[in-house]
Amino acid sequence: MEKFMLNGQWRVISDTYDTVGEVPGSVYSALLANGLMEDPFYRDNERKATGITDEEFVFSKEFTYTKPSDSVLLVCEGLDTLCDIYINGQFVAHANNMHRTYYFEVAQYLTDGKNEIKVVFPPYDAYIKAKSKEKMVTSGSIVTMIGFAYVRKASYMSGWDWGPMLPDAGIWRDIYLIDGTTPRITDVRILQRHEEGKVFVSVKATTNAPSAVRVKILAPNGEETHLENGGEAEIKNPQLWWPNGYGAQPLYSVVCESLVNGAAVDVNVKKIGLRTLCISREKDEFGEEFCYKINGIKIFAKGADYIPEDNILSRLNRERSKKLLEDCLFANFNSIRIWGGGFYPEDYFFELCDEMGIILFLDLMFACTAHPSDKAFHENVKQEIIDNVRRFRHHACIAVISGNNEIEEQASADWWKKEEKENYLYMFEEMIPNIIQEECPEISFITSSPTSHGGFVEPQNETMGDNHYWAVWHGNLPFQEYRKHHFRFLSEYGFQSFPSAKTIEEFTLPEDRNPFSAVMELHQRNASANGKILNYLSQTYLYPTDFEVLVYASQLLQAEAIKYGAEHMRRNRGRCMGSLYWQLND
């Protein structure tokens, strides 16, 4: 499929700024590249950066184009987030979901020759505040921008208890034009059937227009297996995919081509691992287990929780994620959990996890808040989930999809409104499970993390399901408290430390290097946490008198806290089958 790319240099303007920036990119990345804003991570610069997008920003680009047919689609793989699109001054569409891929028919707006596209981003904070005045939704996060749940934008951009409030805006993934009449592959459904040492793979490719489709599967050694579109074939001498520590990660390529007069006009390649992988929920003497079961073998999950790697999304790339995941291998991880307050990872992230044997516990992108209950919001969410599940469901690394992070636990509280609870039950225990059942029933699904029975019934029940445990740290209880609990799978627990002295030097001046300085407190999103670190530290070590020693001692303290939890889980292997600590890459 030939793409006319609109990436590259765009003009970025507001009432205050008039500059250029690279797309994929954002307001912040354009201003930073041109020296028009200071590093938002340095000292208290975040306070100035947060307000930048209180202005309307316009991204515009001129391009020369000749229409190939009477149907041209504008494809926007990532728009962050509220925006209106114009071509040659004519309104094309409104977008309101950062997590979706949009296809807009634009042939009527284009001319042969010179064209201009504009994407207008209105002030985000003003919008969510206005929506909140109309009707406030209950949020379990007290350090976020009020009303963030009204927009399908990565929640952490509005602030969280681990990171800054940097509500960026922009075109964060590829944007391009394609010929709408050319048969293209719009979806590929790959299923596996394993029985008695044999593996069968079926492939069904869907196209936007009638077209012959050629399908083949390439083994790691290059051997080809051909099959009819929609048909099934046995894989000769199948090589199974295993997680890190259990075997190799051989990957097979599934190649689908849409044909016109026998020639390929679109090619879709997906890599798969041959394996069975699910969450085993068998009853046992302790209640009901919760563990990864790979190729018939139950394994103990060792790893951590993952958050977005940056607030400036244009700085993310495959090599950066590869380094992080290689660090996971070095630490003997076999699993990580994708936290639900960020964005659905890039394709390369899933590919790297496939290649490295890192099993994913994947939250859908909902965290710690009630949501609007209107039909338009629900329809928006439905399409978001379909877009993303179809993109990643074939990956060998995915073991379980969770509907959200911690919303069931919070929604069970008395302070949630009745209608919010009802909307939760509809979204996460009816609407979304139905989508998963339709799109990928072969992947295990849980309605929330943590959850046990669902329906607000004991979401932190220790005899079944997964748990998040924070009595050590938030509850000020001693490390030994872990030993009083027997979780089936602990998918979140942890303990803070200060960052290393080298890191602190990168965002402070010498006069800031005190745990209770204004800058250090600003970089600490949990209001009581710096004091909490020192309180725990004073119970464990002789109190340091030097700042750098204090910083280092806090990291030893953190290591000791995680060790208490992790070792307790592993000593109880069989009863407990997972230890994922918070958090990998804060």
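Residues numbered from 1 in each chain as written. Predicted model: local features only at pLDDT ≥ 70, side-chain atom pairs only at ≥ 80, totals over all residues. Heavy atoms only, no water.

### Side note on the overall build of the protein chain
A count of helical and extended segments in the protein chain gives 12 helices and 35 strands. In terms of principal-axis extent, the alpha carbons of the protein chain reach across some 75 × 65 × 45 Å. Residues classed as buried in the protein chain amount to 58% of the 586 residues present. Roughly 24,300 Å² of accessible area belongs to the protein chain as shown, and the carbon and sulfur atoms make up 49% of that amount. If the 59 positive side-chain charges of the protein chain are averaged to one point and the 83 negative ones to another, these points end up 3 Å apart. (Helix = DSSP H or I, 4+ residues; strand = E, 2+ residues; numbered from the N terminus. Buried < 20%, exposed > 50% of the residue type's maximum accessible area, 1.4 Å probe, protein only. Areas by Shrake-Rupley, 256 points an atom, 1.4 Å probe, with all protein chains shown as cover. Lys, Arg positive; Asp, Glu negative; His and termini not counted. Charge placed at Lys NZ, Arg CZ, Asp CG, Glu CD.)

### Structural notes on helix α5 (residues 347–356)
Among the 10 residues that make up α5, seven are buried, leaving the element largely enclosed by the rest of the structure. All of the buried residues in α5 are Tyr348, Phe349, Phe350, Leu352, Cys353, Asp354 and Met356. Two residues or fewer past α5, Gly357 is found with a positive phi of approximately 75°.

### Comments concerning the pattern of salt bridges
Inspection of every chain in the model, using the stated rule, returns 38 salt bridges. Taking the shortest distance from any N to any O, the salt bridge between Glu224 and Lys216 comes out at 3.8 Å. You can call Lys216 partly exposed: its relative accessible area is 23%. The salt bridge involving Lys283 is made with Glu288; its shortest N-O contact spans 3.2 Å. Owing to a relative accessible area of 64%, Lys283 belongs among the exposed residues under this scheme. Using a relative accessible area of 11% as the deciding quantity, one classes Glu288 as buried. (Salt bridge = Lys/Arg side-chain N within 4 Å of Asp/Glu carboxyl O.)

### A look at the sheet that holds strand β22 (residues 263–272)
Across the sheet, which stays open at both edges, the four strands sit in the order β19-β18-β21-β22 with antiparallel pairing between neighbours. Bordering the open sheet on either side are β19 (224–227) and β22, each of which pairs with just one other strand. Here the strands of the sheet are splayed against their neighbours by 20° on average, with no regard to which way each runs. In this sheet, strand β21 (residues 252–260) lies alongside strand β18 (residues 212–218) in antiparallel orientation, the contact comprising seven bridges. (Pairing = 2+ DSSP bridges. Axes fitted to C-alpha atoms, helices over the stretch in contact; angles between N-to-C directions.)

### What about unusual backbone geometry?
In the segment running from Asp80 into Thr81, the intervening peptide bond is cis, with an omega of -15°. Mapped onto the fold, Thr81 is located in the loop between β7 (79–80) and β8 (83–87). Cis geometry marks the peptide bond from Ser449 to Pro450; its omega dihedral reads 5°. Relative to the helices and strands, Pro450 is located in the loop between β32 (444–446) and β33 (467–468). Backbone geometry at Glu196 places phi at a positive 50°, although glycine is not the residue there. Tracing the sequence through the fold places Glu196 in the loop between β16 (185–195) and β17 (198–207). Exposure remark for Glu196: the relative accessible area of 83% places this residue in the exposed category. For Asn261, which is not a glycine, the phi torsion comes out positive at approximately 55°.

### Points about the sheet that holds strand β26 (residues 291–294)
Strand order in the open sheet formed by three strands is β23-β26-β27, with antiparallel pairing between adjacent strands. Only two strands of the sheet have a single partner each, and these edge strands are β23 (277–280) and β27 (297–299). On average, adjacent strands in this sheet sit at an angle of 35° to one another, irrespective of strand direction. Here β26 runs beside β27; their pairing, made up of three bridges, is antiparallel.

Worth remembering: the numbers are spatial, not functional.
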